[in-house]
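Results of the structural survey
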Amino acid sequence: MNESPWQPAAGLDLLRLRAKLLTRIRDFFAERDVLEVETPLLSHAGLPTPQLESFAVHPVSRPEAVPAYLHTSPEFPMKRLLAAGSGSIYQICRVFRADERGRRHNPEFTLLEWYRVGFDAAALMDELELLLQRLFGQLPPVQRLSYREAFLQYAGIDGLDDAIAPLQRVLAEHAVPVPEAMPADDPDPWRDLLLTQVIEPRLPPAVFLYDYPASQAALARVRPGSPPVAERFELYLDGVEIANGFHELSDAVEQRRRFEAGNAARVSQGLAPVPLDEHLLAALDQGLPDCAGVAVGLDRLLMRAAGVDEIDAVLAFPWGRA
Amino acid sequence: MASYSTNEFKRGLKVMLDGDPCTIIENEFVKPGKGQAFNRTRLRNLKTGRVWEKTFKSGESLEAADVLDVDMQYLYSDGEFWYFMDPNSFEQVGASESSVSDAKNWLKEQDVCVVTLWNGEPISVTPPNHVTLQVTETDPGVRGDTATGATKPATLETGAVVQVPLFVDVGDLLKVDTRSGEYISRAKE
């Protein structure tokens, strides 16, 4: 029973399917003159948000040394390439997120990330849809729902409203167990609970959600309005989150403010702050071309292509065997 | 006191919830890519058997339950308590009717059961998966009828009633699956 599981978790047919998807993706971008790039996995800077936890690494012989961080996504160095005039680029790489382990999560997974100069979020959704058609052959048109429409349609409330009471009411109506440690002053964890427990299971088979609450902008631009919205989108296939895209923030001052707010939130939650990516801030200060970018979870795309529901089934060596 | 963080949650982990020991029977990690992560869990209360659905914010932790599964031999019952002995230490414990629960239908003296102890007190008893018990009461057997699949009720020495094939007689020894309560076969002494 406790023999060392040296064999791969994924069947060889799925490893071949993975290779085929990678080839099709590279062909797709080659036809469009999007340049494949590589950037470091290991960085002096971390990601200062409380929601994503990096692995910090140091030499085995010097645990006291200043750590470096395994990236949670390649977006910072890719934006430096864009600021340096690379034009549209893509990358396929491993990324690392500590503590993320479950049926659809592995702490190390593969992202396809690409940036299109001159695109906005809608144009990038169009291109992602074309890529999906290339990968899957037939795919029904991907529906598009704003975050607000999705909440109205599946929960009957305005998802952009900051009041917590309506979110609590709908969670209670759907008998969703609520953690004791939910904050009384921040609607976002409540929105996340409602989104994952009530809305995601009811979404159409293929759908883009777009125009997120401004408080969930991450690295997206915020479009003024009442209320303002983040120019961010996510792709869901069969209720599973596949991709997250932004019309990219290019304002260095605003970026620094968000980094510092992230670190402040980390500290208030008892988490260590991380060093900011001053290279990225300098590049934004120099000028990022108007662009949109998206990160696609390739393992989850592969899960869908193979018709399996567990990420371990598509990984040669998931965390338990790594 | 030891505690477990949500990222250590897994099936079979014993934790304290609302003052009662529980075992995690299902744990699902859910996380919107840029948002709050949750662990959606189902836990069985080891005292009452009730199943709870709970959601935790990732990073929360639960106190570990001081729960121990021990192989113990069933001795006897005085009607109020069911007594078990640790074959190594010869220590005896008395389990209440509520902690023995459905297991009492299958308890035969000398059989080795898994007794779950919490702070040294038995809170649940799991009988062996298969037990051999004698039939004390059933309609007379019908010889030759082994193929029709028809069944009749039979009462066993522990008081349990199981459905058995028509050829089974009073005094027969039967092998029974305690998880399903189903007859498996006749058995020799």
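Since this is a predicted model, take the numbers as computed values, not measurements.

Attention now moves to the overall build of chain A. Within chain A, the secondary structure is distributed over nine helices and twelve strands. Expected size for 322 residues packed as a compact globule is a radius of gyration near 20 Å; at 20 Å, chain A falls within 12% of this value. Each principal axis of the C-alpha atoms in chain A carries an extent, and together these give about 50 × 45 × 45 Å. Each of the 322 residues in chain A was classed as buried or not, and the buried ones make up 51%. Once local pairs closer than 6 in sequence are excluded, the contacts in chain A between residues at least 24 apart make up 67%. Carbon together with sulfur atoms contributes 54% to the accessible area of chain A, which is approximately 14,700 Å² in total.

Once that is clear, we can look at helix H5 (residues 165-173) of chain A. Residue and element names in this part refer to chain A. For H5, every residue scored as buried is listed here: Leu-167, Val-170 and Leu-171. In an axial view of H5, the angular spread of the buried residues amounts to 100 degrees, which keeps them on one side of the axis. Exposed and oriented more than 90 degrees from the buried face of H5 are Ala-165, Ala-172 and Glu-173. Elements that come into contact with the buried residues of H5 comprise helix H4 (147-155) and helix H6 (187-199). Count one or two residues on from H5 and you reach Ala-175, which has phi positive near 55 degrees.

Turning our eyes to something else, we now look at H6 of chain A. Within H6 of chain A, 13 of the 13 residues are buried, which leaves it mostly tucked inside the rest of the structure. Put simply, Asp-186 of chain A is the residue that caps the front of H6 of chain A, since its side-chain oxygen is 3.0 Å from the backbone nitrogen of Asp-188 of chain A.

All names here are of chain A. Counting 49 residues, the largest nonpolar core has Phe-151, Ile-157, Leu-194, Ile-199, Leu-203, Leu-209 and Tyr-236 as the members making the most contacts within it. Elements that contribute at least two residues to this core include exactly helix H2 (75-83), H4, H5, H6, strand E8 (206-213), strand E10 (229-237), helix H7 (252-268) and helix H8 (278-286). By residue number, the principal contributor to this core is H6, which donates six residues. With sequence-adjacent residues up to four places away left out, Ile-157 is seen in contact with Arg-148, Phe-151, Leu-152, Pro-166, Leu-167, Arg-169, Val-170 and Leu-194.

All names here are of chain A. At a minimum axis separation of 10 Å, H5 and H6 run at an interaxial angle of 25 degrees. In terms of orientation, H5 lies roughly parallel with respect to H6. The handedness of the crossing between H5 and H6 comes out as left-handed. Of the residues in H6, those in contact with Leu-167, Gln-168, Val-170 and Leu-171 of H5 are Pro-187, Trp-190, Arg-191, Leu-193 and Leu-194.

Attention now moves to the interface of chain B and chain A. Of the residues lining the interface, 18 residues belong to chain B; the matching set on chain A comes to 26 residues. A buried area of about 2,000 Å², summed over both sides, lies between chain B and chain A, and 54% of it is on carbon and sulfur atoms. Linking chain B with chain A are three salt bridges, by the criterion used here. For Lys-34 of chain B, the salt bridge identified is with Glu-75 of chain A, shortest N-O distance 3.9 Å. Applying the counting rule to chain B against chain A returns eight residue pairs in polar contact (both at pLDDT 80 or more). Going through the elements one at a time, strand E3 (20-30), strand E4 (38-45) and strand E5 (51-57) of chain B are the ones with two or more residues in the side of chain B that touches chain A. It is E5 of chain B that provides the largest number of residues to the side of chain B that touches chain A, a total of five residues. Class assignment of the residues belonging to the side of chain B that touches chain A gives a composition of five nonpolar, five polar and eight charged.

Right, let's talk about the domain arrangement of chain B for a bit. Residue and element names in this part refer to chain B. Domain annotation of chain B identifies domain 1 (3-63), domain 2 (67-126) and domain 3 (130-186). Each of domain 2 and domain 3 has a C-alpha centre, and these two points are 26 Å apart. Contacts between the two partners involve six residues from domain 2, matched on the other side by eleven residues from domain 3. For the pairing of domain 2 and domain 3, the buried interface totals around 620 Å² over both sides, and the portion due to carbon and sulfur atoms is 65%. A per-residue breakdown of the area domain 2 buries against domain 3 is headed by Asn-105, Trp-106 and Lys-108, which together make up 87% of the total. Between the two partners, domain 2 and domain 3, sit one salt bridge. Glu-157 is paired through a salt bridge with Lys-108; the nearest N and O atoms lie 3.9 Å apart. Residue composition of the side of domain 2 that touches domain 3, by class: two nonpolar, one polar and three charged.

Conventions and cut-offs
Every chain is numbered on its own, with residues counted from 1 as its sequence reads. Numbering of ligands from 1 and lettering of chains from A proceed in the order in which they are written. Predicted model: local features are reported for residues with pLDDT of at least 70 only, side-chain atom pairs are reported and counted for 80 or more only, and whole-chain, interface and lining totals are derived from all residues. Based on all heavy atoms of the structure, the side-chain values leave hydrogens and waters out of the count. Strands are runs of DSSP state E lasting at least 2 residues, helices are runs of H or I lasting at least 4, and numbering of each runs from the N terminus. Based on C-alpha atoms, the radius of gyration is set beside the globule rule, defined as 2.2 Å times the residue count to the power 0.38. Only protein chains enter the area calculation, which uses a 1.4 Å probe; residues under 20% of their type maximum are buried, those over 50% are exposed, and those in between are partly exposed. Any pair of residues with heavy atoms lying within 4.5 Å of one another is described as a contacting pair. Each accessible area is a Shrake-Rupley estimate made with a 1.4 Å probe; only the visible protein chains count as cover when residues are assessed. Arc definition: directions from the helix axis to the C-beta atoms. Here a polar contact means two N or O atoms within 3.5 Å. Within protein one must be a hydrogen donor candidate and the other an acceptor candidate, and residues neighboring in sequence count only if both atoms are side-chain atoms. What makes a nonpolar core is a set of buried Ala, Val, Leu, Ile, Met, Phe, Trp, Tyr and Cys residues whose side-chain atoms join them at distances within 4.5 Å. Axis definition: a line fitted to C-alpha atoms, limited for helices to the stretch in contact. Angles are taken between N-to-C directions and run from 0 to 180 degrees. We call two directions roughly parallel when the angle between them is under 35 degrees, roughly antiparallel when it is over 145, roughly perpendicular when it lies between 65 and 115, and oblique otherwise. In this scheme, a crossing is called left-handed if the near helix is turned counterclockwise away from the far one by less than a right angle; it is called right-handed if the turn is clockwise. In short, buried area is how much 1.4 Å probe accessible area vanishes from two parts on joining, totalled over both. Only one rule defines a salt bridge in this text: a Lys or Arg side-chain nitrogen within 4 Å of an Asp or Glu carboxyl oxygen. We call Asp, Glu, Lys and Arg charged. Ala, Val, Leu, Ile, Met, Phe, Trp, Tyr, Cys and Pro are nonpolar, and the rest, Gly among them, are polar. What counts as a domain boundary in this text is fixed by an automatic or database domain assignment.

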